[in-house]
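Understanding the architecture of this molecule
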Amino acid sequence: MAYDPGALDKTLAAAVGDDPSLIAELRSAFIQSAQRQVSALHNAVNDQEWQVAAWRLKGLAASFGVMDLMTLANQAAEGVPFDNTLLERIDKSLASFSSSLDFNSDNSMQ
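For the structure given in this document, a descriptive report is provided here. (Residues numbered from 1 in each chain as written. Predicted model: local features only at pLDDT ≥ 70, side-chain atom pairs only at ≥ 80, totals over all residues. Heavy atoms only, no water.)

Quick word on the overall build of the chain
On a plain count of helices and strands, the chain comes out with five helices and zero strands. Per-residue burial for the chain yields a buried fraction of 35% across its 110 residues. For the chain, the share of sequence-separated contacts (at least 6 apart) that also reach a separation of at least 24 residues comes to 59%. Here the chain displays about 6,300 Å² of accessible surface, and carbon together with sulfur accounts for 52% of that area. (Helix = DSSP H or I, 4+ residues; strand = E, 2+ residues; numbered from the N terminus. Buried < 20%, exposed > 50% of the residue type's maximum accessible area, 1.4 Å probe, protein only. Contact = heavy atoms within 4.5 Å. Areas by Shrake-Rupley, 256 points an atom, 1.4 Å probe, with all protein chains shown as cover.)

Next up, the structure:
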């Protein structure tokens with residue numbers, strides 16, 4: 001999958017203007033919220049909890065323009081609950097996306 005952390009920054013810039021510190025803060029809030037929903041998927045004890053976490057992750061990813069994560073969350077919401085293979089893909093997607101954001105943030109500060 002392709003990861004485009006620039007899409008997130010463009011979405012944030014469109015919403016809040018060209019304030020790098022605010023964009024960084026919102027980017028961090030997105031990652032933390034996404035991590036909470038992924039944790040909720042991991043900790044779901046029934047189908048309903050799984051679906052709610054998947055829907056929330058999908059909505060969050062869609063709101064911030066993170067299409068790859070949104071697609072995976074949609075697959076989780078519409079597919080078989082507790083799909084470990086899909087959950088691993090979601091974990092990897094979020095980890096890769098987070099790493100690419102960290103890399104871009106480090107480079108933009110130089």
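Some points on the side chain of Gln37
Structurally, the position occupied by Gln37 is in helix H2 (residues 20-43). By relative accessible area, which is 15% here, Gln37 ends up buried. Once you skip the residues sitting within four places of it in the chain, Gln37 turns out to touch Ala53, Arg56 and Leu57.

Notes on H2
Helix length check: H2 (24 residues) gives 34 Å between terminal C-alpha atoms against 34 Å at 1.5 Å per residue, within 8%. Of all the positions in H2, only Ile23, Arg27, Phe30, Ile31, Ser33, Ala34, Gln37, Val38 and Leu41 are classed as buried. (Expected span 1.5 Å × (residues − 1).)

As for the nonpolar core
Core analysis: the largest hydrophobic core is formed by 27 residues, its most contacted members being Phe30, Ala34, Leu41, Leu57, Val66, Leu69 and Ile90. Secondary structure elements with two or more residues in this core: H2, helix H3 (47-63), helix H4 (67-78) and helix H5 (84-108). (Core = buried A, V, L, I, M, F, W, Y, C linked by side-chain atoms within 4.5 Å.)

A few points about the packing of aromatic side chains
Describing an aromatic ring pair means giving the distance of the ring centres and the angle of the ring planes. Counted according to the given criterion, the structure contains three aromatic pairs. Centroid distance Phe30 to Phe64: 5.0 Å. Interplanar angle 50°. Geometry classified as tilted. Linking Phe30 in helix H2 with Phe64 in the loop between H3 and H4, this pair joins segments that are 34 residues apart in sequence. Take Phe30: its relative accessible area is 0%, and that puts it in the buried class. Look at Phe64 and you get buried, because its relative accessible area is 18%. Both rings, one in Trp50 and one in Phe82, keep their centres 5.5 Å apart while their planes meet at 45°; by these two values the pair is tilted. Residue Trp50 is located in helix H3, and its partner Phe82 is located in the loop between H4 and H5; the two are separated by 32 residues in the primary sequence. Looking at Trp50, the relative accessible area reads 1%, which means it is buried. For Phe82, a relative accessible area of 33% gives the class partly exposed. An aromatic cluster of three or more residues is present, and its members are Phe30, Phe64 and Phe97. (Phe/Tyr/Trp six-rings, centres within 6.5 Å; stacked < 30°, edge-to-face > 60°.)

Side note on the packing of H2 against H3
For the pair H2 and H3, the least separation of the axes is 8 Å and the interaxial angle reads 160°. Of the possible angle classes, the one that applies to H2 and H3 is roughly antiparallel. Taken as a pair, H2 and H3 cross one another with a handedness that is left-handed. Together, Phe30, Ser33, Ala34, Gln37, Val38, Ala40, Leu41 and Asn43 of H2 and Glu49, Trp50, Ala53, Ala54, Arg56, Leu57, Leu60 and Ala61 of H3 make up the contact between the two elements. Of the residues assigned to the contact of H2 with H3, the class counts are 11 nonpolar, three polar and two charged. (Axes fitted to C-alpha atoms, helices over the stretch in contact; angles between N-to-C directions. Parallel < 35°, antiparallel > 145°, perpendicular 65-115°, else oblique. Left-handed = near helix turned anticlockwise from the far one by under 90°. Nonpolar A, V, L, I, M, F, W, Y, C, P; charged D, E, K, R; others polar.)

In short, shape yes, function no, at least from these values alone.
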